Amino acid sequence: MKLNRRNFIKSGTAAVAGSMILPPFMQSCQNIQISENVKSYLDHFEVSAEILQKVVATAMSKGGDYADLFFEHKISNNISLEDRKVNRAFSNVDFGVGIRVLKGDQTGFAYSENVSLDDMLNAAKMAASIANVNSDFNPVDLTEKVPSGYYNIAKQWSDVSVKDKVPFVQKINDMVFDLDEKVIKVNAFLNDETSYVLFYNSEGRLTYDYRPMISFGVVCIMQKGDKIENSYAARSFRKGFEWLDDSLLTELANEAVDKTNILFDAVKPRAGEMPVVMGAGGSGILLHEAIGHTFEADFNRKGTSIFSDKMGKKVAESFINIIDDGTLENNRGSINIDDEGNDVEKTYLVKDGVLNSYIHDRISSKYYKVNPTGNGRRESFRNIPIPRMRATYMEAGTSSKADIIANVDYGVYVDNFSNGQVQIGAGDFTFFVKSGYLIEKGKLTQPIKDINIIGNGPQALADISMAANDYLIDNGTWTCGKDGQSVPVTCGLPTVLVKKLTVGGTNG
């Protein structure tokens, strides 16, 4: 079956279940010398290099400093299981172009869900109005940028039907029920996403990206006497259908059951200020919420971040290196290009305890006179790009996990979080901890659950006194919200000791 792009969108939005079929890449010819890959993306969006130049010239017609076009075609599919059977499946297709014009640090923006020339020119005129001086813009020579390849896959999700995916969701349900007689309910989901991106700007850069995403998770609900507890396990990667196999299902099922079982014997610790050991992996939320957001350059450029005057200064112990990375293979937070068409990189935010870099987009990198770090990200073509994290983690230290725990007379060990938030200006944060353990006289003792950890990001960073050699990325379904936009991210951490944080518990 072959569909052109417009017919595909029309039929795709009506789909509830079944195989999703992507439009073929037509092989039209352009006078401008570009590769077959770029031609395929131009044809996918039914535009030409000449049309792109015309739209950009219109966007620059009022004297803007810079303009770009961000085309996106996203196909999302979801399968859900409840009450022991798959009972919901839906699909969504999103398509359009965002047009941005910069004048100084001001942004003019408009988008269109139709890429006809007239509609794009109208949107370009609207975005151009951020400036107010009529100007003739002569398009520069087109330069094709071949994107990196951080998520090559074997089988695209567009080639996989609902019928192919349902057995995996059903099987993980059966596995969880078989693992423990206390299981009374299972919820499971499988979400896959395919995005095509085409980017062009007034500097002549023309580039593109194919972005797959898969998220698979299971919630386990168990009852013991009159107690009911629940927990979950999930993974998300930029991988293809080949990722789904029995070993993954076994790993997720066992993790969900184990996490839930722990909660039946869990208590709340004594409330107060105490040492906190952050477990490897998901505790990276500390970096993301308490520290990462305050490193985003828009907050620092505007002077609202507590780190805005600390570039080049010591902010942590010398063994601490914190990284934001868009280059990890198949990682949920990785991108081949950012949403401003920039190369991505591994960026040291903190190097040997010293603040080394902010998280930059085009506007902030120009302000600070540095190269973009590849962190200009947006939720969709309907949004402007802003500085956002990708995969944020701390490198391994030299201690062992056992040594770190042995250094604590009384405190808590935490490794399972559900959410967190931070006040950018002051750096104050709150995390909700789903589960962990008491530490008493250097040993893990009683399980704990449902507590808050409260602190200040810069102070917590300065108070990390030990880091283990067990660095781990948490490949869960982490999603970051900022300015009304959500983007996929990941986080990671070795086991670390924070000398003191406020733990919410009991007064007894």
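To keep things clear, this report deals only with the structure shown in the data block. (Residues numbered from 1 in each chain as written. Predicted model: local features only at pLDDT ≥ 70, side-chain atom pairs only at ≥ 80, totals over all residues. Heavy atoms only, no water.)

Quick notes on the overall build of the chain
So, step 1. A tally of helices and strands in the chain yields 11 helices and 23 strands.
So, step 2. Relative to its length of 508 residues, the chain is compact, with a C-alpha radius of gyration of 25 Å against a globular reference of 23 Å.
So, step 3. By the burial criterion, 56% of the 508 residues in the chain qualify as buried.
So, step 4. A separation threshold of at least 6 residues defines the contact pool for the chain, and within that pool the share at least 24 residues apart is 74%.
So, step 5. Total accessible area computed for the chain in this model is approximately 20,600 Å², and 47% of it derives from carbon and sulfur atoms.
So, step 6. Computing the positive centroid from 55 side-chain charges and the negative centroid from 64, the chain places the two 2 Å apart. (Helix = DSSP H or I, 4+ residues; strand = E, 2+ residues; numbered from the N terminus. Rg over C-alpha atoms; globule rule 2.2 N^0.38 Å. Buried < 20%, exposed > 50% of the residue type's maximum accessible area, 1.4 Å probe, protein only. Contact = heavy atoms within 4.5 Å. Areas by Shrake-Rupley, 256 points an atom, 1.4 Å probe, with all protein chains shown as cover. Lys, Arg positive; Asp, Glu negative; His and termini not counted. Charge placed at Lys NZ, Arg CZ, Asp CG, Glu CD.)

Regarding the packing of helix α3 (residues 49-59) against helix α4 (residues 117-128)
Two quantities define a packed helix pair, namely the angle between the axes and the distance from one axis to the other.
So, step 1. Interaxial distance between α3 and α4 falls to 7 Å at its minimum, and their mutual angle equals 30 degrees. Taken as axis vectors, α3 and α4 run roughly parallel relative to one another. For the crossing formed where α3 meets α4, the hand is right-handed. Residues Ile51, Lys54, Val55, Thr58 and Ala59 of α3 pack against Leu117, Met120, Leu121, Ala124, Lys125 and Ala128 of α4.
So, step 2. When grouped by side-chain class, the residues that make up the contact of α3 with α4 number 8 nonpolar, 1 polar and 2 charged. (Axes fitted to C-alpha atoms, helices over the stretch in contact; angles between N-to-C directions. Parallel < 35°, antiparallel > 145°, perpendicular 65-115°, else oblique. Left-handed = near helix turned anticlockwise from the far one by under 90°. Nonpolar A, V, L, I, M, F, W, Y, C, P; charged D, E, K, R; others polar.)

Here's the deal with the packing of helix α5 (residues 162-179) against helix α6 (residues 246-263)
So, step 1. As a packed pair, α5 and α6 sit with axes 9 Å apart at the nearest point and diverge in direction by 45 degrees. Classified by the angle between their axes, α5 and α6 sit oblique to one another. The element α5 and its partner α6 pack so that their crossing is right-handed. Together, Phe168, Lys171, Ile172, Met175, Val176 and Leu179 of α5 and Asp246, Leu249, Thr250, Leu252, Ala253, Asn254 and Val257 of α6 make up the contact between the two elements.

A closer look at the state of the cysteines
Here is the idea: a disulfide is a covalent bond, and it sits between the sulfur atoms of two cysteines.
So, step 1. Under the counting rule described, the total for this entry stands at 0 disulfides.
So, step 2. Cys491 provides the cysteine sulfur closest to Cys480, a residue in no disulfide bond, and the two sulfurs are 10 Å apart.
So, step 3. With relative accessibility at 3%, the residue Cys480 sits in the buried group. (Disulfide = S-S within 2.5 Å.)

Some points on the pattern of salt bridges
So, step 1. The tally for this structure, following the rule as stated, stands at 26 salt bridges.
So, step 2. Residue Asp209 pairs with Arg211 through a salt bridge whose shortest N-O separation is 2.8 Å.
So, step 3. Assessed through its relative accessible area of 8%, Arg211 is described here as buried.
So, step 4. Across the pair Arg390 and Asp324 runs a salt bridge, and its minimum N-O distance is 2.8 Å. Placement of the pair is Arg390 in the loop between β13 (386-387) and β14 (391-394) and Asp324 in strand β9 (residues 322-325), with a sequence separation of 66 residues. There is no split in this pair, since Arg390 and Asp324 are both buried.
So, step 5. Three or more residues are tied together by salt bridges with common partners; here these are Arg235, Glu251, Glu255 and Lys259. (Salt bridge = Lys/Arg side-chain N within 4 Å of Asp/Glu carboxyl O.)

Overview of the pairing of strand β6 (residues 205-224)
So, step 1. Here β6 lies mainly inside the structure; 16 of its 20 residues are buried.
So, step 2. In terms of strand pairing, strand β4 (residues 143-144) meets β6 through 2 bridges, oriented parallel. Looking at the pairing, Glu144 lines up with Leu206 of β6.
So, step 3. Here strand β5 (residues 183-201) folds back onto β6, and the loop between the two strands holds 3 residues, one of which, Gly204, carries a positive phi near 95 degrees.
So, step 4. Pairing of β6 with strand β7 (residues 227-237), which is carried by 11 bridges, proceeds in the antiparallel orientation. Residue pairing across strands places Gly217 opposite Ala234, the latter belonging to β7. (Pairing = 2+ DSSP bridges.)

Let's talk about the side chain of Lys165
So, step 1. Its place among the elements puts Lys165 in helix α5.
So, step 2. There is a polar contact of 2.6 Å between the side chain of Lys165 and the side chain of Asp192.
So, step 3. Not counting the four nearest positions on each side in its chain, Lys165 is found in contact with Asn77, Ile79, Trp157, Val160, Leu190, Asp192 and Phe241. (Polar contact = N/O pair within 3.5 Å; in protein donor to acceptor, adjacent residues only side chain to side chain.)

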